[in-house]
Amino acid sequence: SPFDLRRNMVQSAERLLLEVAGTAPLFSPSRTDHDSTMKRSPYNVLQITQPDAYSFNIVMHAWSQLCPRLSRSHSSDDGEEGSSSTIASAAAERIHSILEMMYELSEEERAERTTYDSIAAAIEKSMNRSNDDALVSRTISPNASSYNAILTAWSNCSDRKSATKALDLFRMMLERYNISCHARDALVRNKCQNELSSSKPRRDFTAKTDSFPDSRTLVALLKSIQILSSSMEFEDALNFVDSIREFATKVDDQNEWSHARDILPPTGKRKPDRIFNVFVCNAIIRTYSNLPATTLEEYRRCCERIDDLIEILESSHSVKPDVATRGMAIHAWEKSHRFAHECSDKEAKNCAKMRSAKARVHADAILSHMQSTTSRRGLLFEKPLSIICDVIAMHGDAGETTEAEELYLRAREGNTSYVPILAAIIEALSSNAANNILHVKKAHQFLSEFENDIMKSNLRVLPDMKFTRLYNAVIAGYISSTEKTDGIELAKTLLTHMIEKHTSNPQHIARPNTTTFVKVMTALARGEDNAQQLDMLLGEMDKINNQSKLLPAELAANVVPNKVVYDLVLKSHTRSSAKGSNEHVSALLDRIKKDP
């Protein structure tokens, strides 16, 4: 299989690395005599080839990329996800063993050299000297890329032990870095450089401690924390994420301060790369939204932290929130909204307007960004579109129909395919039918506009269940309104429209199904004497069913009468005082017996 082939290739690369790293060098660079000629063995090239940190990192990243990416459901230990987690854990263990070898070789190299020799070797390398007496260092000490490889592998495992190992590794990374202070190390090396190259112009010094965490380190660590947080108390998990955020911010502030005073190794004219970039920011927000909140207050604290973070980014000159950042903020507020909607606390439900208003701020920012930059053609991508749908639904649950309509109209501008947001606004308006039937009429208007636009367009659009659901939602809204008589009449009118359009043009999007008829028939069956209307609708179902047998499968309507339909017609006739009702009941019972 392709996986086995990739695994064999990675194993071959690791075997070669171990063979090279385990072979004793033929000569030591510190004992090289400029006047003598070294006799190198022609049959063992490994004795004159020594790996460096880059060699180890290539193999480590190859194992890391072999790890399958898992979903963030932290509970599966069997099936496909369990198998993937086992593979990821095994690959992470291999990377960890390679990292341990780097530690050993690094300590061995450190023992062979004096402190001054190690500093001088780094300076000679940074100045690109090529003279024969230059001290050459194997430089196999783990750097940030080495740690990132194993942290990424641990983050792809779904078990909590792996997340704990990732956290322990991060602490070890900081401990090893703290042994050699960044600023002090740079000052010492600069002093040695001036002593060794006093007769030459000073060159840019780029050697630095590479084991310090970067943005990739924090992103991988935060992915692991999402797994570990499920077994932690909410307050502990929240404080932990806060500490990661504070760490990244302080590091950037320290780097800027040090760079301004020329006590960091120069990186050219630009400032040092920021650790707290948009990727780390998004990872922090994602972790906040996935913390194990169990109360509405805990949900609110997570959402407010996310909003505070985005507000800081908006005022920053170097990092700005993107569409993904806003989307995760909306997702967090939407989770809080769903939690409040499920609980029975009236006060919690009354805060729905506040939550929808918070999410609306991010939705407006997304629309402004998408419509001014990446969607100049007038199209919104699928993911941002689903985010807008969530906000429309939140407005609907809060009873803010006007705000929902405004957001729908703004998102619809220039979009040729806006079925998801149309479905969201129809659901939002129809769910408020109990307050005013005008909301459902507005939803009906939006649906009619969509129907006219799509049927007049040159696009080849066939009837689909997603369109049928739109019509069914409007019918359900009419029936659930407080104005029962008008609501039922409007629902019947819309059903009649669907029947006429489908029978005259099977390619029309207004195709009914059994559910469409059941909704209207159920409303009629609650009335005084509507048996005749139910018989008429049953006859329409038979006509459409017979027509569907002659149509291709993609055009045929599924309107086969079921047990619910027969029960509604029977109950209506048994309560009816009209003549011939008993005969209708007998005939219908005979039909039910013959109907397979």
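Each value, and the rule that gives it
- Residues numbered from 1 in each chain as written.
- Predicted model: local features only at pLDDT ≥ 70, side-chain atom pairs only at ≥ 80, totals over all residues.
- Heavy atoms only, no water.
- Helix = DSSP H or I, 4+ residues; strand = E, 2+ residues; numbered from the N terminus.
- Contact = heavy atoms within 4.5 Å.
- Areas by Shrake-Rupley, 256 points an atom, 1.4 Å probe, with all protein chains shown as cover.
- Phe/Tyr/Trp six-rings, centres within 6.5 Å; stacked < 30°, edge-to-face > 60°.
- Buried < 20%, exposed > 50% of the residue type's maximum accessible area, 1.4 Å probe, protein only.
- 1 Å grid on protein atoms, 1.4 Å probe; cavity = no way out; pocket = protein on both sides within 12 Å on 5 of 7 lines; lining within 4 Å.
- Points joined across faces, edges and corners; volume = space filled by probe spheres on them.
- Nonpolar A, V, L, I, M, F, W, Y, C, P; charged D, E, K, R; others polar.
- Disulfide = S-S within 2.5 Å.
- Salt bridge = Lys/Arg side-chain N within 4 Å of Asp/Glu carboxyl O.
- Axes fitted to C-alpha atoms, helices over the stretch in contact; angles between N-to-C directions.
- Parallel < 35°, antiparallel > 145°, perpendicular 65-115°, else oblique.
- Left-handed = near helix turned anticlockwise from the far one by under 90°.
- Lys, Arg positive; Asp, Glu negative; His and termini not counted.
- Polar contact = N/O pair within 3.5 Å; in protein donor to acceptor, adjacent residues only side chain to side chain.
- Expected span 1.5 Å × (residues − 1).
- Arc of directions from axis to C-beta.
- pLDDT = per-residue confidence, 0-100.

Engineer: Can you walk me through the overall build of the protein chain in this structure?
Structural biologist: Of regular secondary structure, the protein chain possesses 24 helices and zero strands. Contacts in the protein chain between residues at least 24 apart in sequence constitute 74% of all its contacts with a sequence separation of at least 6. Of the roughly 31500 Å² of accessible surface on the protein chain, a fraction of 52% belongs to carbon and sulfur atoms.

Engineer: So what exactly am I meant to see when it comes to the packing of aromatic side chains here?
Structural biologist: Aromatic rings considered in pairs are described by the distance between their centres and by the relative angle of their planes. Tallying each qualifying case throughout the model produces four aromatic pairs. For the pair Phe170 and Phe247, a centre-to-centre distance of 6.0 Å together with 85° between the ring planes defines the contact as edge-to-face. Separated by 77 residues along the polypeptide, Phe170 in helix H6 (residues 160-179) and Phe247 in helix H9 (residues 234-260) bring together distant segments of the chain. Exposure remark for Phe170: the relative accessible area of 6% places this residue in the buried category. The interplanar angle of 40° and the centroid separation of 4.8 Å between the aromatic rings of Tyr299 and Phe339 together place this pair among those described as tilted. With Tyr299 in helix H11 (residues 296-314) and Phe339 in helix H12 (residues 323-342), the pair connects residues that are 40 residues apart, well separated along the chain. Residue class for Tyr299 comes out buried when judged on its relative accessible area of 15%.

Engineer: What is the right way to look at the environment of Ala88 in this model?
Structural biologist: Relative to the assigned elements, Ala88 resides in helix H3 (residues 79-112). Residue Ala88 is classed as buried on the basis of its relative accessible area, which comes to 0%.

Engineer: Mind showing me how you'd approach empty space enclosed by the protein here?
Structural biologist: Leftover empty space is mapped by rolling, across the atoms, a probe with the size of a water molecule. Under the defined criterion, the tally for this structure stands at two cavities of 30 Å³ or more. The volume enclosed by the largest cavity comes to roughly 50 Å³. Forming the boundary of the largest cavity are Tyr288, Ser289, Leu291, Ala293, Tyr299, Cys302, Cys303, Ala332 and Lys335. Mapped by element, the contributors of at least two residues to the lining of the largest cavity are helix H10 (278-289), H11 and H12. Here the residues of the lining of the largest cavity sort into seven nonpolar, one polar and one charged.

Engineer: Honestly, the state of the cysteines in this entry has me stumped. Any pointers?
Structural biologist: A covalent bond bridging the sulfur atoms of two cysteines is what the word disulfide describes. Per the counting criterion, the structure on display carries zero disulfides. Residue Cys302 stays outside any disulfide, its sulfur separated by 6.8 Å from that of Cys303, the closest cysteine.

Engineer: How should I be thinking about the environment of Gln371 in this particular structure?
Structural biologist: Here Gln371 shows up in helix H14 (residues 352-372). Taking the C-alpha atoms as reference points, Gln371 and Arg410, 39 residues apart in sequence, are found 10.0 Å from one another.

Engineer: What is the right way to read the pattern of salt bridges from this model?
Structural biologist: When the charged atoms of two side chains lie near each other, side chains of opposite charge can form a pair. According to the stated counting rule, one finds 19 salt bridges in the structure shown. Here the salt bridges do not stand alone but share partners, grouping Asp252, Glu256 and Arg274 into one network.

Engineer: Whenever I open this one, the packing of helix H22 (residues 531-548) against helix H23 (residues 563-575) confuses me. Can you help?
Structural biologist: A pair of packed helices is characterised by two quantities: the angle between their axes and the separation of those axes. Where H22 contacts H23, the axes come no closer than 9 Å and their chain directions differ by 155°. One element, H22, and the other, H23, form an angle in the roughly antiparallel class. The way H22 lies across H23 gives a crossing that is left-handed. Across the interface between the two elements, Ala531, Leu534, Asp535, Leu538 and Met541 of H22 pack against Val565, Leu568, Val569, Ser572 and His573 of H23. Partitioned by chemical class, the residues of the contact of H22 with H23 number seven nonpolar, two polar and one charged.

Engineer: Sorry, what's going on with the side chain of Ser548 here?
Structural biologist: Mapped onto the secondary structure, Ser548 falls in helix H22. Here Ser548 is in contact with Ala556 and Ala557, once residues within four sequence places are set aside.

Engineer: I keep staring at the side chain of Arg511 and nothing clicks. Help me out?
Structural biologist: The residue Arg511 is located in the loop between helix H20 (484-504) and helix H21 (514-525) in this model. Buried within the structure, Arg511 lacks any salt-bridge partner; Asp464 is the closest side chain of opposite charge, at an N-O distance of 6.0 Å. Looking at Arg511, its side chain comes within polar contact range of the main-chain oxygen of Ala556, at 3.0 Å. Excluding its chain neighbours within four sequence positions, the residues that come into contact with Arg511 are Pro463, Asp464, Met465, Thr468, Met498, His502, Glu554, Leu555, Ala556 and Ala557.

Engineer: Hey, could you run me through H22 in this one?
Structural biologist: Since the α-helix packs 3.6 residues into each turn, any two residues three or four apart lie on the same face. If you check H22, its first and last C-alpha atoms are 26 Å apart, about what 18 residues at 1.5 Å a residue would give, namely 26 Å. When we look at burial in H22, the residues that qualify are Ala531, Leu534, Leu537, Leu538, Met541, Ile544, Asn545 and Ser548. Viewed along the axis of H22, the buried residues span an arc of 140°, placing them on a single side of the element. Set apart from the buried face of H22 by more than 90 degrees, the exposed residues are Gln532, Met536 and Lys543.

Engineer: Sorry if this is basic, but what is going on with the confidence of the model for the protein chain here?
Structural biologist: Close inspection of predicted coordinates is inappropriate for parts of the model with low pLDDT. Mean pLDDT over the protein chain: 79, with 76% of residues reaching 70 or higher. Model confidence for the protein chain, summarised as mean pLDDT per element, is weakest for helix H7 (residues 182-196) at 50 and strongest for helix H19 (residues 465-480) at 94. Within the model, pLDDT remains below 50 along residues 70-82, and this stretch shows 22 contacts once partners closer than five positions in the same chain are excluded. For residues 195-209, every residue scores under 50 in pLDDT, and the model assigns this stretch 33 contacts once sequence neighbours within four places are set aside.

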